[in-house]
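Single-letter residue listing:
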Amino acid sequence: MRLALWMYQGTAHHGVGRIANSMRGVHAVFHAPQGDDYVNPIFTMLERTPDFPRMTTSIVSGRDLAQGTVRLPETLRQVDAQVQPDLIIVCASCSTILLQEDLERMAHSAGTRAETLVYDANPYRMQEVCSADGLFTLLTQRFARSQPPTAVPSVNILGPASLGFHNRSDLICLRRMLATLGVQVNVVAPLGASICDLERLPAAWATIAPYRELGQNAARWLDEQFGVPALTDAPIGVQPTLRWLRRLVETLNDAGERLQRLTNPLRLPPLTAFSLDGMSAPSSVPWFARTADMESYSMKRAFVFGDATHTVGMVKFLRDELGMQIVGAGTYLEHEADWVRGELQDYLPADETGSIDTSFLVTEVFQDVARRIADLTPELVCGTQMERHACRKLDLPCMVIAPPTHIENHLLSYRPVLGFDGADVLADTVYTTATLGMEKHLIDMFGDAGLDYEEPGPENREPRTENRELRIDAGSKGGVAGSSSTPAAQTVTASPRLVTPVWAPEAQAMLKKVPFFVRGRVQKNVERYAAQHGYATITAEILVEAKEALGG
């Protein structure tokens, strides 16, 4: 575990809290010092539900340690009496795990009616994602019971959970598509599931587990132990959703034939049946991608960073369905890096050896991602709340497509990522996040209509008219750096310093003619070009030169 200002994942006991807060009749008790109970307000703030978080902290104080007092058994008895759960999950926080106490003995001594499970969520070996997935897999293995399959086609949906990225909307979308196919939902877990629901998991004909971060290990275990086939693709985008539906129908028909329960094979209905009104196309993305505004996105540059599922899905959606150029991508989940790299092998720029290592980033340090974005300066960034913060400083458009998130990403409205509906939501978000090409054309043609206002600030500053730092180079052009006759210039040509160039009045006048919504980026790109080429003063000629070198 590393201390940092910001981290992409929560601690291990935060992952335990996500599972406990998702399920019915399950309560988490954290053996932790005061201060490690911060997970409770996180759920209270972000989870848009009227329920209190299903977790309690058993406080460990310095006085307790000095006196040998153990409060955990009494806390368990209080939770058992007041909440009356079916299962209590006991977990040590990142601080108290250093005490190496026997939590099994403490939990057993409590004598609770509810079953207790001590989960070893060691924060020095795992973080939020692995902790949550490991706990859910353990619960599935502990409570799933062999039983006859359902009489009609049914599926489990594994993965939606508390604080999952748009998981509640994704679940609604999946239910709608399954209802259109005539397929029942056997169990949804962990979100809304009880211990009894976990027992019924083997009765389904198939399991849907679209998120690599949670649910797929449990789905694979159900396949191995009970022969329940797993569908682990994430239907993000129109074409992936079509393929997913065909694969689901094929899987259920195969299962029905094996179980001898299906008299009439399932068939994919007309695609209009999947639309909200039942009459139109299920998604407007194929048409929308050919409109004038979206045509201007063709080959615009995008950078994507996040978890495994949403990073891969978003990269493919942007390139395959919106025609954008992917200049880089990455993930903070190191244990999923190989899978993500394999999925994006044909989507990222490769070097002369065919490797995408230079364009694929695996890191848990958000500053590394911010530097990569600053170097690439893409027209669109898709990332987490951290990338959104970095892009605000860089004056770049950013849409949040993966956790960690901000409270504004936990909306009340129906905004799925999966399915046909999710494709429309993603296209709308891309459209409203990035600078519109048609808007640029209109302002170029008809002027800024009085919108050419400028406010002082770091993202809209005036071009410099005096140097603060120069690279004095014998071969440099323009202004002071053009002179190589001084002794100082001759002594430092072998080790030049970075230029922070100034703007000549005629270049400054030309810059003001650039549309206001891209002026800051143009200014930064031209200054970077001038610095790299040793120009101390940006003249009109150098501005034109930079424009041609940077592609217009």
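Now for a description of the structure that goes with this document.

Rules behind the numbers
Residues numbered from 1 in each chain as written. Predicted model: local features only at pLDDT ≥ 70, side-chain atom pairs only at ≥ 80, totals over all residues. Heavy atoms only, no water. Helix = DSSP H or I, 4+ residues; strand = E, 2+ residues; numbered from the N terminus. Buried < 20%, exposed > 50% of the residue type's maximum accessible area, 1.4 Å probe, protein only. Contact = heavy atoms within 4.5 Å. Pairing = 2+ DSSP bridges. Axes fitted to C-alpha atoms, helices over the stretch in contact; angles between N-to-C directions. Core = buried A, V, L, I, M, F, W, Y, C linked by side-chain atoms within 4.5 Å. Right-handed = clockwise from strand over helix to strand, strands pointing away. Salt bridge = Lys/Arg side-chain N within 4 Å of Asp/Glu carboxyl O. Polar contact = N/O pair within 3.5 Å; in protein donor to acceptor, adjacent residues only side chain to side chain. Disulfide = S-S within 2.5 Å. Phe/Tyr/Trp six-rings, centres within 6.5 Å; stacked < 30°, edge-to-face > 60°. Lys NZ or Arg CZ within 6 Å of the ring centre and 35° of its normal.

What about the environment of G15?
Working step 1: With respect to the helices, strands and loops of the structure, G15 is situated in helix α1 (residues 12–22).
Working step 2: Judged by relative accessible area, which is 0%, G15 ranks as buried.
Working step 3: Leave out the neighbours within four places in its chain, and G15 touches E128, S131 and A132.

Regarding the sheet that holds strand β1 (residues 26–32)
Working step 1: Here we have 4 strands laid out as an open sheet, ordered β2-β1-β3-β4, and parallel in their pairing. Each of the sheet's edge strands pairs with one partner strand only, and the pair in question is β2 (55–59) and β4 (115–118). Neighbour to neighbour, the strand axes of the sheet diverge by 25 degrees on average, direction disregarded.
Working step 2: Alignment of strand β3 (residues 87–92) against β4, held across 4 bridges, turns out to be parallel. Across the sheet, I89 pairs through a bridge with L117, a residue of β4.

Some details on the nonpolar core
Working step 1: L248, M314, L318, L322, L380 and V430 are the most contacted members of the largest nonpolar core, which totals 80 residues.
Working step 2: In terms of residues, this core owes the most to one element, helix α10 (residues 238–259), which gives 8 residues.
Working step 3: Here L318 is in contact with A302, V304, G323, M324, I326, L380, C382 and V430, once residues within four sequence places are set aside.
Working step 4: Formed by 42 residues, the second largest nonpolar core is a distinct cluster that contains L46, L117, V187 and I195.

Things to note about the pairing of strand β10 (residues 325–331)
Looking along a regular strand, one sees side chains alternate from face to face of the sheet.
Working step 1: In terms of residue burial, β10 counts as a mostly covered element, since 6 of its 7 residues are buried.
Working step 2: Summarising the sheet, β10 and strand β11 (residues 360–362) pair through 3 bridges and their orientation is parallel. Along β11, the bridge assignment pairs T331 with V362.
Working step 3: Handedness of the crossover joining β10 and β11 through helix α14 (residues 337–343) is recorded here as right-handed.

Observations concerning the pattern of salt bridges
Side chains that differ in charge, positive against negative, can pair when their charged atoms come close.
Working step 1: Under the definition given, this model contains 17 salt bridges.
Working step 2: Note that R341 and D357 form a salt bridge whose closest N and O atoms lie 3.6 Å from each other. Note that R341 is positioned in helix α14 and D357 in the loop between α14 and β11, a separation of 16 residues in sequence.
Working step 3: For D357, a relative accessible area of 48% translates into the label partly exposed.
Working step 4: Residue R388 pairs with E408 through a salt bridge whose shortest N-O separation is 1.8 Å. With a gap of 20 residues between them, R388 in helix α16 (residues 385–394) and E408 in the loop between β13 (398–400) and α17 (419–433) connect regions that are remote in the sequence.
Working step 5: Accessibility expressed as a relative area gives 34% for E408, which makes it partly exposed.
Working step 6: Within the structure, one salt-bridge network assembled from shared partners comprises R24, D197 and R200.

Here we look at α16
Working step 1: Within the sequence span of α16, burial applies to Q385, M386, E387, A390 and C391.
Working step 2: Contact partners of the buried residues in α16: β9 (301–306), α15 (366–376), β12 (380–383) and β13.
Working step 3: Measuring from the side-chain oxygen of the N-cap residue of α16 to the backbone nitrogen of M386 gives 3.1 Å; that N-cap residue is T384.
Working step 4: Just beyond α16, the residue with positive phi is D395, at close to 60 degrees.

Focus on the state of the cysteines
Working step 1: Tallied over the full model, the rule gives 0 disulfides.
Working step 2: Cysteine C398 is unpaired, with the sulfur of C391 as its nearest cysteine sulfur at 4.2 Å.

Digging into the packing of aromatic side chains
Working step 1: Overall, the coordinates contain 8 aromatic pairs when judged by the stated rule.
Working step 2: With a centroid separation of 4.8 Å and 10 degrees between ring planes, the pair formed by Y8 and Y332 is classed as stacked. In this pair, Y8 sits in the segment before α1 while Y332 sits in the loop between β10 and α14, placing the two residues 324 residues apart along the sequence. Here Y8 matches Y332 in class, with each residue buried.
Working step 3: Connected via pairs of aromatic rings, a cluster forms that spans Y8, F305 and Y332.
Working step 4: For the cation-ring pair, R212 lies above W339, with the distance from its terminal atom to the ring centre recorded as 4.2 Å.
Working step 5: The side chain of R319 reaches across the aromatic face of Y347, ending 4.1 Å from its centre.

These figures come from the coordinates and say nothing about function on their own.
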